[in-house]
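For reference, the chains in residue letters:
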Amino acid sequence: MAQAKIHAKMNEAPCKFSRTLSMADRSGRLLESLDQLELRVEALREAASAMEQERECILEMLQSIQNSQEMRNICAGEREELDLTANRLMGRTLSVEISVGTIRNSQQEEALNKATSIIDEIVKKLLDDMAGSRQKLLALHAACVTEAPPVPIDQKFQALVISCALEDQKKIKRRLETLLRNVENAEKNIKIMDHQKLENPKTNGCK
């Protein structure tokens, strides 16, 4: 009877070993599938992020056209028609909703909120003090670049940006770059309009 039990145990061993290999194979295949899906997830996020940036770029270009000097130099009828077309395109662009969420811990969330608040406060004062606000935005942008900037760095803001998630760091930098472009364009338009104001009396034969 003892020999029978020994034989039974010996017969069971290969079966257990075979099942273990089978489980390992299945686990390996599942892991490989998950690795492939992870690559597709990252590609999806990158594509969505690229679309998000394209949306921002289109909106900025439409606003730039509407505020351009060329738009002011055409007759009212044509300008109205172009404005309607630009507004229609802007509405269609805004109807495209793209959202790429970022996973953050509590420290990153707090850093992002503080950094956003600092930028928002400067934006509120842009119209009242464009030159001063531009310098502040340059100091914030300098905190987001790796190369040595030609302007002083806002050290406090830099510490906040470093504490943010990597994706948020890129978005903060991109927002500052957009704001600086808008300020630069606004300053150019103001100079052009002021120059025209000075030139018009001469054109009209006034002294």
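Residues numbered from 1 in each chain as written. Predicted model: local features only at pLDDT ≥ 70, side-chain atom pairs only at ≥ 80, totals over all residues. Heavy atoms only, no water.

1. Here we look at the environment of Gln 169
No. 1: Structurally, Gln 169 is set in helix 7 (residues 166–203).
No. 2: On the basis of relative accessible area, Gln 169 is assigned to the partly exposed category, the value being 24%.
No. 3: In the structure, Gln 169 is positioned 54 residues away from Ala 115 in sequence and 9.9 Å away in space, judged by C-alpha atoms.
No. 4: Beyond its immediate chain neighbours, meaning those up to four positions away, Gln 169 contacts Val 161, Ile 162 and Cys 164. (Helix = DSSP H or I, 4+ residues; strand = E, 2+ residues; numbered from the N terminus. Buried < 20%, exposed > 50% of the residue type's maximum accessible area, 1.4 Å probe, protein only. Contact = heavy atoms within 4.5 Å.)

2. Here's the deal with the nonpolar core
No. 1: Membership of the largest hydrophobic core comes to 20 residues, with the highest contact counts inside it found for Ile 119, Leu 137, Leu 140, Cys 144, Phe 157, Ile 172 and Leu 176.
No. 2: Within the residue set of this core, elements represented by two or more residues are helix 4 (106–124), helix 5 (130–142), helix 6 (155–163) and helix 7.
No. 3: If we ignore the near neighbours within four places in the chain, the residues touching Leu 176 are Ile 119, Leu 137, Leu 140, His 141, Cys 144 and Phe 157. (Core = buried A, V, L, I, M, F, W, Y, C linked by side-chain atoms within 4.5 Å.)

3. Topic: the packing of helix 4 against helix 6
No. 1: Running from amino to carboxyl end, helix 4 crosses helix 6 at an angle of 140°, the nearest separation of the two axes being 8 Å. Relative to helix 6, helix 4 is oriented oblique. The chirality of how helix 4 crosses helix 6 is left-handed. Of the residues in helix 6, those in contact with Gln 107, Gln 108, Ala 111, Lys 114, Ala 115, Ile 118 and Ile 119 of helix 4 are Phe 157, Leu 160 and Ser 163.
No. 2: Of the residues that constitute the contact of helix 4 with helix 6, the class distribution is 6 nonpolar, 3 polar and 1 charged. (Axes fitted to C-alpha atoms, helices over the stretch in contact; angles between N-to-C directions. Parallel < 35°, antiparallel > 145°, perpendicular 65-115°, else oblique. Left-handed = near helix turned anticlockwise from the far one by under 90°. Nonpolar A, V, L, I, M, F, W, Y, C, P; charged D, E, K, R; others polar.)

4. Details of the layout of surface pockets
Sizing a probe to match a water molecule and rolling it over the atoms shows the empty space that remains.
No. 1: Empty space within the largest pocket amounts to approximately 300 Å³.
No. 2: Along its surface, the largest pocket is lined by 13 residues, and Ser 64, Asn 67, Asn 185, Ala 186 and Asn 189 are the ones closest to its centre.
No. 3: At the level of secondary structure, the elements contributing two or more residues to the lining of the largest pocket comprise helix 1 (2–66), helix 2 (69–72) and helix 7.
No. 4: If you tally residues by element for the lining of the largest pocket, the top one is helix 7, at 6 residues.
No. 5: Residue composition of the lining of the largest pocket, by class: 2 nonpolar, 8 polar and 3 charged. (1 Å grid on protein atoms, 1.4 Å probe; cavity = no way out; pocket = protein on both sides within 12 Å on 5 of 7 lines; lining within 4 Å. Points joined across faces, edges and corners; volume = space filled by probe spheres on them.)

5. What to know about the environment of Lys 114
No. 1: Mapped onto the fold, Lys 114 is located in helix 4.
No. 2: Classification of Lys 114 by relative accessible area gives partly exposed; the value is 43%.
No. 3: Here the alpha-carbon distance between Lys 114 and Leu 160, two residues 46 residues apart in the chain, equals 7.4 Å.

6. Digging into a negative patch on the surface
No. 1: On the surface, Glu 32, Asp 35, Glu 38, Glu 42 and Glu 46 cluster together into a patch of negative charge.
No. 2: Note on placement: Glu 42 falls in helix 1.
No. 3: Glu 42 sits in the partly exposed class, given a relative accessible area of 40%. (Patch = residues over 30% accessible without salt bridge, like charges linked within 9 Å, V, L, I, M, F, W, Y side chains within 5 Å. Areas by Shrake-Rupley, 256 points an atom, 1.4 Å probe, with all protein chains shown as cover. Salt bridge = Lys/Arg side-chain N within 4 Å of Asp/Glu carboxyl O. Lys, Arg positive; Asp, Glu negative; His and termini not counted. Charge placed at Lys NZ, Arg CZ, Asp CG, Glu CD.)

7. Quick word on the environment of Arg 55
No. 1: Secondary-structure assignment places Arg 55 in helix 1.
No. 2: The exposure class of Arg 55 is partly exposed, given its relative accessible area of 23%.
No. 3: Between the alpha carbons of Arg 55 and Thr 93 there is a distance of 6.7 Å; along the sequence they are 38 residues apart.
No. 4: In this structure Arg 55 touches Thr 93, Leu 94, Val 96 and Ile 98, once residues within four positions along its chain are discounted.
No. 5: Looking at Arg 55, its side chain comes within polar contact range of the main-chain oxygen of Val 96, at 2.7 Å. (Polar contact = N/O pair within 3.5 Å; in protein donor to acceptor, adjacent residues only side chain to side chain.)

8. Focus: the pattern of salt bridges
No. 1: In total, this model carries 8 salt bridges according to the counting rule given.
No. 2: Between Glu 60 and Arg 181 there is a salt bridge whose closest N-O contact spans 2.7 Å. You can see Glu 60 sitting in helix 1 and its partner Arg 181 sitting in helix 7, a full 121 residues away along the chain.
No. 3: Under the relative-accessibility criterion, Glu 60 is labelled buried at 14%.
No. 4: Overall, the relative accessible area of 38% leaves Arg 181 in the partly exposed class.

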